[in-house]
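Reading the structure
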There are 2 protein chains.
Amino acid sequence: MKRSFIREILESIDEETISFAGGLPNEALFPLKDIEKSAMNVLQNSKVLQYSLSNGLKSLREKIAQYYNDEGFETSADNILITTGSQQAMFIIAKYFEQKSITIEEPSYLGAMNIFRMNKLDMKPVALEADGIDIKAFQKSLEETKLAYLIPDFQNPYSSTYSQVKRNTVAYLIKENDAYLIEDSPYSELFFTSKKRTISSMIPNNSFHLGSFSKTFAPSLRIGWVRANEELIHELMKIKESIDLHSCGLSQAILNDYLSDSQLFKQHLQTIRNDYKDKMEYFSSCLKAILPEFKFKQPKGGMFIYGYIENVDTKKLVFEALKHKVVFVPGSEFYLDKSSCNEIRFNFTHSTKEEVKEGLIRLKRLIKGEL
Amino acid sequence: MKRSFIREILESIDEETISFAGGLPNEALFPLKDIEKSAMNVLQNSKVLQYSLSNGLKSLREKIAQYYNDEGFETSADNILITTGSQQAMFIIAKYFEQKSITIEEPSYLGAMNIFRMNKLDMKPVALEADGIDIKAFQKSLEETKLAYLIPDFQNPYSSTYSQVKRNTVAYLIKENDAYLIEDSPYSELFFTSKKRTISSMIPNNSFHLGSFSKTFAPSLRIGWVRANEELIHELMKIKESIDLHSCGLSQAILNDYLSDSQLFKQHLQTIRNDYKDKMEYFSSCLKAILPEFKFKQPKGGMFIYGYIENVDTKKLVFEALKHKVVFVPGSEFYLDKSSCNEIRFNFTHSTKEEVKEGLIRLKRLIKGEL
């Protein structure tokens, strides 16, 4: 099995390496004091340390359901399954659809592709465009697979966002084909200007909507969720139960306590958005100034800048870059079968401004043959 | 898929029901104050909230390795994979051996049987005796399957413990057949008088030894582990990574901080053992006084008392008992295919003395037809 390049890199790099590789949130923004306060609150009762239900803490599921209702997407706590990160939600769904075929965007999230491979799903790639998937090819593929995995908001790695027209069309085609959509939305809240309507809200019974608190709260707590109709949630819950009985109860209780002050989370989200927008603009300006041969479009949210450098094999480049203590993810990793590729994914949220500048200067010197 | 009876019961029972069903630790013994203190310690640094390595926190793996070394079982941090409860370790191993055959004890742990079913392992049951598995039948089965799942210490549900002779024989047979042993040890530390040598220590390259902090620290933190040789750990880690990237980082850090005072954990373990021994003796004496038709042997550790009542279908009984707000697990649940059975598993660790008495009185009246 092919491992995640990003996870392998995380293991091998040292503290000194400037990493544009992982999708790491900015640590400085973690609500450390608020989490400490919530931890104190919930650790007054030993029940928080006992085994709990496989589908997750009810009051947390209710709060998540409320977010959907606030956006006009009718949802109850019974439509929600809490998972150990949205990664686990994906694994569970893949296990549920084991050995079936699935339409995916290309490029796509490496972690999802690994999960699909592990659960023997036959992946059918369809090209991703600036405003979403190639609809003609998607329609043809979906007729065969009846199942699709899409990341409509600030796609990983491509950073594109689906237009409203493509959202409507995808929803129509899913329904028309009696198919299912797995809508992965870890970055939806990380918009710089506005949020688009989820595709799932148009097809509530034919969709799995995946969310995560890893990018908006704290990744180490490993709290994600999936929203689906009750029958599907019940099927997924049986798989979830077999995998780990339930997700960390302390994490769930801390998050639930934190979310009970709804203003706190709203303000926190806005802080992250402002910071990431600033970081994206800084990274973009550095790219233009230092590495103008890298061609890209500025993203409208999320954590990544995606582009290419003509005539450069970026997989070769990254191994050279690692020697000089800077790392990114080469585009080849996001394709099913591509050994050579000139694309690069940069994460812009984790590094400091000094690191961004220094890392890009090193890359520039490498490409110029000066290192 | 057959769901866990115990998990279904946990969902449907109310606060008033006296439950002898789940394997719930005694909440009153959770080291709540120490966990609060450790939480405060580790929440001084935002790194604890960031993504971390898939195999688990290194200093925690080192501490677990040290426990093995203290018992003369040579182990390094690289032999350990931290998992989301030992339940997840089992799922990962089952996924690794997908579609193979496996020898299991009968009766056995329902959660493991569900995992094996889900990963299409063909289970070959061998009868469990008071001193461990039926060796002759085990030998014959192992020649075919080359893989075995055993719970040698205070078995769930049977409460039996393997004799030293059977441990040696199992190790010999595993090696002789070039087979693998999955040794599940969630209860090993819950002994009333003494601890026996793990079978895995005699066959370090042919074994997976599973451990858990759910029974000795706090279940909600979902921290378990598997010990195996480095090559196997690396293979399991790839699966682990796909399932949830890594287990809760905050839980791992809290536990690691707590364990840094080795005396604290030693004393805590002794407190649990004393309490559980006391509870087991009380439960036994109540059974003898109130429900003498229930035949059983006193366990030497663990969390369960297992026995039978002649001419009583305990699956029918439990549904009647639920109406009168008392619950246990009927023996049929622990067999691959048994619709009627006169066996019962009682958990003795969770209920108060008053609840034990009251619950057993209700059962007695039910059996006598008074309710």
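Residues numbered from 1 in each chain as written. Chains lettered and ligands numbered in written order. Predicted model: local features only at pLDDT ≥ 70, side-chain atom pairs only at ≥ 80, totals over all residues. Heavy atoms only, no water.

Another aspect to go through is the pattern of salt bridges. By the definition in use, this model includes 48 salt bridges over all chains. Among the ionic pairs, K325(A) bridges to D14(A), the shortest N-O distance being 2.6 Å. One end of the pair, K325(A), is in the loop between helix 11 (314-323) and strand 12 (326-327); the other, D14(A), is in the loop between helix 1 (5-12) and strand 1 (18-19), with 311 residues separating them in the sequence. Its salt-bridge partner being E320(B), residue K323(B) comes within 3.0 Å of it at the nearest N-O pair. (Salt bridge = Lys/Arg side-chain N within 4 Å of Asp/Glu carboxyl O. Helix = DSSP H or I, 4+ residues; strand = E, 2+ residues; numbered from the N terminus.)

When chain A is fitted onto chain B, the two copies agree to an RMSD of 0.0 Å after a turn of 180° and an axial shift of 0.0 Å. Expressed as a symmetry operation, the mapping of one chain copy onto the other fits a two-fold axis. No C-alpha of chain A approaches the rotation axis more nearly than that of C248(A), which lies at 3.3 Å. Of all interface residues in chain A, 100% are interface residues in chain B too; the two copies therefore contact each other through one and the same surface. (Least-squares fit on C-alpha atoms with pLDDT ≥ 70 in both. Contact = heavy atoms within 4.5 Å.)

A separate point is the UniProt feature "domain: Aminotransferase class I/classII large" (unreviewed entry) in chain A. When the UniProt feature table is mapped to this numbering, "domain: Aminotransferase class I/classII large" (unreviewed entry) covers residues 31-360 of chain A. Secondary structure content for residues 31-360 of chain A is 43% helix and 18% strand, while the C-alpha to C-alpha distance between its ends is 30 Å. (UniProt positions renumbered as here; feature names shortened; annotations may be inferred.)

On to the sheet that holds strand 10 (residues 294-296) of chain B, then. All names here are of chain B. The four strands are arranged 10-11-14-13 in an open sheet whose pairing can be described as antiparallel. In the strand order of this sheet, the two ends are held by strand 10 and strand 13 (329-330), each with one partner. Pairing between strand 11 (residues 304-309) and strand 14 (residues 343-347): five bridges, direction antiparallel. Paired with G307 across the bridge in strand 14 is I344. (Pairing = 2+ DSSP bridges.)

For the pair helix 5 (residues 110-118) of chain A and helix 8 (residues 230-244) of chain B, the least separation of the axes is 9 Å and the interaxial angle reads 115°. Two packed elements cross with a definite hand, and for helix 5 of chain A against helix 8 of chain B that hand is left-handed. Along its contact with helix 5 of chain A, which presents N114(A), I115(A) and M118(A), the element helix 8 of chain B presents K238(B), I239(B) and S242(B). Here the contact of helix 5 of chain A with helix 8 of chain B is composed, by residue class, of three nonpolar, two polar and one charged. (Axes fitted to C-alpha atoms, helices over the stretch in contact; angles between N-to-C directions. Left-handed = near helix turned anticlockwise from the far one by under 90°. Nonpolar A, V, L, I, M, F, W, Y, C, P; charged D, E, K, R; others polar.)

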